[in-house]
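# Descriptive analysis of the structure
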Amino acid sequence: MSGWTLPMVVGAGVFSITAGYFAVIRIPQWRSMPVPAFRTDFDRWLAWADRVQPALVVMTLVAASGSAATSQGNTRALATLTAAGFATILSGSLAILLPLQRRIVADRVANIDRARVRWFRGHVARTAVAVVSFSAAMLAAL
């Protein structure tokens, strides 16, 4: 086990837990809220998440890349899978989800219901990638 393994596993695990919380707890609550209440709550929760989650993604991506570079065999393959998953999360968040959430909060979307569903689906996909990547990180640590 390299020195990169623990930060890779911890970062992937904490990110997966926080993303899972939003997917399992917050999204069902947001679906049932009227639009003004949704915007306020969405903005409040994501203001916190936008400070914490990017750091976790970058930490995990760097640690997984370091682990892949210093490992061999299955450990290298699994660490590479973890890095690829978190690179996908980072790029998808920056290119799609973050701009969409900013437009939702600023009330700059033509159809709020479609925008909410799009963000919800994107976040659930991001969470699925995080869980698969965390599983790969855990297997790499064995």
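As a starting point, this report considers the structure included with it.

Rules and cut-offs
Residues numbered from 1 in each chain as written. Predicted model: local features only at pLDDT ≥ 70, side-chain atom pairs only at ≥ 80, totals over all residues. Heavy atoms only, no water. Axes fitted to C-alpha atoms, helices over the stretch in contact; angles between N-to-C directions. Helix = DSSP H or I, 4+ residues; strand = E, 2+ residues; numbered from the N terminus. Parallel < 35°, antiparallel > 145°, perpendicular 65-115°, else oblique. Left-handed = near helix turned anticlockwise from the far one by under 90°. Contact = heavy atoms within 4.5 Å. Nonpolar A, V, L, I, M, F, W, Y, C, P; charged D, E, K, R; others polar. Patch = residues over 30% accessible without salt bridge, like charges linked within 9 Å, V, L, I, M, F, W, Y side chains within 5 Å. Areas by Shrake-Rupley, 256 points an atom, 1.4 Å probe, with all protein chains shown as cover. Salt bridge = Lys/Arg side-chain N within 4 Å of Asp/Glu carboxyl O. 1 Å grid on protein atoms, 1.4 Å probe; cavity = no way out; pocket = protein on both sides within 12 Å on 5 of 7 lines; lining within 4 Å. Points joined across faces, edges and corners; volume = space filled by probe spheres on them.

### Here's the deal with the packing of helix H1 (residues 5-32) against helix H3 (residues 73-105)
- Contact pair H1 / H3: the axes reach a minimum separation of 12 Å and the direction vectors enclose 40 degrees. Judged by the angle between their axes, H1 and H3 are oblique. For the element pair H1 and H3, the recorded crossing hand is left-handed. For the pair formed by H1 and H3, the contact residues are Met8, Ala12 and Phe15 on the first element and Ala79, Thr82, Phe86 and Ile89 on the second.
- Along the lines of polarity and charge, the residues of the contact of H1 with H3 split into six nonpolar, one polar and no charged.

### Comments concerning a nonpolar patch on the surface
- Together, Leu6, Val10, Val14 and Met59 make up an exposed nonpolar region whose accessible area comes to about 330 Å².
- Tracing the backbone shows Val14 in helix H1.

### What to know about the layout of surface pockets
- Of the voids in this model, the largest pocket is the one considered here, and its volume is about 220 Å³.
- Lining of the largest pocket is provided by 15 residues; of these, Asp50, Gln53, Pro54, Ser93 and Arg126 occupy positions nearest its centre.
- Of all the elements in the fold, those that place two or more residues in the lining of the largest pocket are helix H2 (35-70) and H3.
- For the lining of the largest pocket, the leading source of residues is H3, giving seven residues.

Without other data, these values stay purely geometric and don't point to any function.
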